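Letter by letter, the chains look like this.
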Amino acid sequence: MPDQSTQGSGRSKGNKRKNNNPSICICPRCGFEIDKAPGVNCRSIKCPECRVPLMGK
Ligand SMILES: [Zn+2]
């Protein structure tokens with residue numbers, strides 16, 4: 001049996017993806033920005049000023 005455990009594929013884990021602002025919603029009208037919780041759809045949030053659904057950035 002070939003020994004594959006010692007010659008692993010290196011460190012392929014730990015892929016860190018850091019987008020700048022992955023969780024920001026913005027108002028298409030006035031440009032109001034808000035941090036959203038992960039998994040929340042921006043369109044379910046409304047701008048407090050314009051009362052329109054926000055958009056993902
Ligand atoms: Zn707005």
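Keep in mind that this is a model prediction, so the values were computed, not measured. (Residues numbered from 1 in each chain as written. Predicted model: local features only at pLDDT ≥ 70, side-chain atom pairs only at ≥ 80, totals over all residues.)

1. Details of the overall build of the protein chain
- The helix and strand tally for the protein chain stands at zero helices and three strands.
- When the helices and strands of the protein chain are listed from N to C terminus, the series reads β-β-β.
- Here the protein chain, with 57 residues, has 7% of them falling under the buried criterion.
- At a minimum sequence separation of 6, the contacts of the protein chain that also span at least 24 residues come to 25%. (Helix = DSSP H or I, 4+ residues; strand = E, 2+ residues; numbered from the N terminus. Buried ≥ 20, exposed ≤ 12 C-beta atoms within 10 Å, placed from the backbone. Contact = placed C-beta atoms within 7 Å.)

2. Notes on unusual backbone geometry
- One non-glycine residue with positive phi stands out, namely R51, at about 60°.
- Looking at where R51 falls in the secondary structure, it is placed in the loop between β2 (33-35) and β3 (55-56).
- Taking the number of C-beta atoms within 10 Å as the measure of exposure, R51 has 9 and is therefore exposed.

3. Quick word on the sheet that holds strand β1 (residues 24-26)
- Strand order in the open sheet formed by three strands is β2-β1-β3, with antiparallel pairing between adjacent strands. Across the chains shown, the open sheet's two edge strands, defined by having one partner strand only, are β2 and β3.
- Pairing geometry for β1 and β3, over two bridges, is antiparallel. Across the sheet, the residue bridging to I26 is M55, located in β3. (Pairing = 2+ DSSP bridges.)

4. Here we look at the environment of P38
- Note on placement: P38 falls in the loop between β2 and β3.
- Here P38 falls in the exposed class, since 6 other C-beta atoms lie within 10 Å of it.
- In this structure the C-alpha to C-alpha distance between P38 and S23, which are 15 residues apart in sequence, comes to 6.5 Å.

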